[in-house]
Amino acid sequence: MSANMTPYRIVQKATLLGALLSTAALAQAQDSVKLANLVELSGPGTTAGTLFKNGVELAIKEINASGGILGKKISYTTEDTQSNPGVAKGLTQKAVDNEVFAIFGPVYSGSIMVSMAESKRGEVPNFTGGEAAAITAQGNPYVFRTSFGQSVSFPKLVRYVNTKSQKLALIYVNNDFGKGGRDSLIKLLEGTPTKLVADISTDAGQVDFSAAVLKAKQSDADAVLIYTNEEESARALRELRKQGWKKPMIGETTLTGQKVIELAGDAANGAVAHVGLTIDAPQLKAFGAKYKAEYKSESDHNGIKGYTGVYILKAAIEKVGKLDRKAVAAALRGGCFSTKQQPNILMDVCFDDKGELDRESFLVEVKNGKAEVVQTLPPLRQK
């Protein structure tokens, strides 16, 4: 300590320095749009979470290179939920406390069901890849889908199932995602030509599907619907082929995803799914090429979810004209966004007042190890 520096003056200088640093930090925060990317980078959700993360980061890179949002660059953090709802909740609380503008993730339904209470508390828009019907049934005005919820996807799926099956076997994963799909399916099958003759529950991360497939065969079903996560879907397809199944294999987006095709090999051939997003659709091929150039691997629907979610947020902010979280959330609810307005949302999209989205979708069939779009379906609201 110098002779003319009293303890009081030291404290005074330190206080002034702290205030200046706080002011600088605040100015820096205001000069950027802060996002938190909270995704499954380990555990059962690794595949989905990693692709979603990559899609988010690719969109951020492009937006920053083109001048940002309202002239402000995007800053972001990426954190691993470990596919654990408790960890996801803690990370969401941390993001809210750090005053982020929006949160992307988690992708898993079980995690967002727990974590979204924190983003609601902070009034932070929260984009999720989760599909469980219950997510948007909670009345949370800050949660928004990046893909169809089961209340939109399953009516489309059941229309197809009714044309292919009178006696259906269901193999589903016993978690929020799988149970939500099962419940939606059972309700929608009522009064249709299709009867559910086998209702087969499996575990998240399950390795052996021999008993599940045997139950489906013994039910005398004329088709099987598989509603499980990526790795489990591949195992189920391999086991179906191993046991000589030659009847239709039907599913939702996950069943014909790139990772499933890679893991299942020839066993995936013939699988048909209703798919909300696929890089094999004409309007999404350019994104698929950009993703592959950036990450040296193929994207599936999860990469598109993350990518389009960021651009939808950008479109909503620009519609409002200022960085106001509550106003942006209000603009998203009940709002429609077009590719004419924002080309990189890739497909025209509308949200309802619960955060559910609606847009065109596709029927996809795996042929010779490649997912091919065989039909484009209109938005559900167009019937």
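Relevant structure appears above.
The structure displayed is predicted, hence computed values, not measured ones.

A. Geometry of the overall build of the chain. Helices and strands together make up the secondary structure of the chain, namely 12 helices and 15 strands. Here the C-alpha atoms of the chain give a radius of gyration of 23 Å, agreeing with the 21 Å that 2.2 N^0.38 yields for 383 residues. Along the first, second and third principal axes, the C-alpha atoms of the chain reach 95 × 45 × 40 Å. Looking at the chain residue by residue over its 383 residues, the buried ones come to 52%. For the chain, the share of sequence-separated contacts (at least 6 apart) that also reach a separation of at least 24 residues comes to 66%. Within the structure as shown, the chain displays about 16100 Å² of accessible surface, and the carbon and sulfur contribution to it stands at 52%. Distance between charge centres in the chain, computed from 47 positive and 40 negative side chains, equals 3 Å.

B. Local environment of the side chain of Glu-57. Among the structural elements, Glu-57 can be located in helix H2 (residues 46-65). Excluding anything up to four places from it in sequence, Glu-57 contacts Asn-37, Tyr-76, Thr-78 and Tyr-295.

C. Main features of the environment of Pro-44. Relative to the assigned elements, Pro-44 resides in the loop between strand E1 (32-39) and H2. Accessibility expressed as a relative area gives 45% for Pro-44, which makes it partly exposed. As for Pro-44 and Met-113, which are separated by 69 residues in sequence, their C-alpha atoms are 17 Å apart. For Pro-44, the contacting residues outside a window of four places in its chain are Ser-83, Tyr-108 and Glu-231.

D. How the structure looks around the packing of aromatic side chains. One pass over the structure, following the stated rule, counts nine aromatic pairs. Judged by centre distance (5.8 Å) and plane angle (35°), the rings of Phe-127 and Phe-144 are tilted. Of the two residues, Phe-127 is situated in strand E4 (residues 126-128) and Phe-144 in strand E5 (residues 143-145); the sequence distance between them amounts to 17 residues. In terms of burial, Phe-127 and Phe-144 fall into one category: buried. A ring pair is formed by Phe-287 and Tyr-307, whose centres lie 4.7 Å apart and whose planes are at 50°; its orientation type is tilted. Placement of the pair is Phe-287 in helix H10 (residues 285-295) and Tyr-307 in helix H11 (residues 301-320), with a sequence separation of 20 residues. Each member of the pair, Phe-287 as well as Tyr-307, is classed as buried. One aromatic cluster is present, built from ring pairs that chain together Phe-287, Tyr-291, Tyr-295, Tyr-307 and Tyr-311. In this structure, Lys-247 is placed above the aromatic ring of Trp-245, and the distance from its NZ or CZ to the ring centre is 5.5 Å.

E. View of the state of the cysteines. One pass over the structure, following the stated rule, counts one disulfide. Covalent S-S linkage joins Cys-336 and Cys-350, the inter-sulfur distance amounting to 2.0 Å. Between Cys-336 and Cys-350, the disulfide has an S-S torsion of 110° and is therefore right-handed. Here Cys-336, found in strand E11 (residues 336-337), pairs with Cys-350, found in strand E12 (residues 349-351); they are 14 residues apart in sequence, far enough to count as distant.

Each value, and the rule that gives it
Throughout this description, residue numbers start from 1 for each chain and increase along the sequence as written. Predicted model: local features are reported for residues with pLDDT of at least 70 only, side-chain atom pairs are reported and counted for 80 or more only, and whole-chain, interface and lining totals are derived from all residues. Side-chain metrics in this entry use all non-hydrogen atoms of the structure; hydrogen atoms and water are not considered. A run of H or I in DSSP becomes a helix once it reaches four residues, and a run of E becomes a strand once it reaches two; helices and strands are each numbered from the N terminus. With C-alpha atoms as the basis for the radius of gyration, the globule rule is written as 2.2 Å multiplied by the number of residues raised to the power 0.38. Throughout, exposure labels follow a simple rule: accessible area from a 1.4 Å probe, protein chains only, divided by the maximum for the residue type, with under 20% read as buried, over 50% as exposed, and the rest as partly exposed. In what follows, residue pairs with any heavy atoms lying within 4.5 Å of each other are defined as contacts. Only the protein chains shown count as cover for residues, with accessible areas throughout obtained via the Shrake-Rupley method and a probe of 1.4 Å. Charge assignment in this entry is limited to Lys and Arg as positive and Asp and Glu as negative, and neither His nor the chain termini are counted. By convention, charge coordinates are those of NZ in Lys, CZ in Arg, CG in Asp, or CD in Glu. Aromatic pairs are defined between Phe, Tyr and Trp rings, using the six-membered ring for Trp, whenever the two ring centres lie within 6.5 Å; interplanar angles under 30 degrees are classed as stacked, those over 60 as edge-to-face, and all others as tilted. Over a ring means this: the NZ of a Lys or the CZ of an Arg is within 6 Å of the ring centre and within 35 degrees of the ring normal. Two cysteine sulfurs form what is called a disulfide whenever their separation falls within 2.5 Å.

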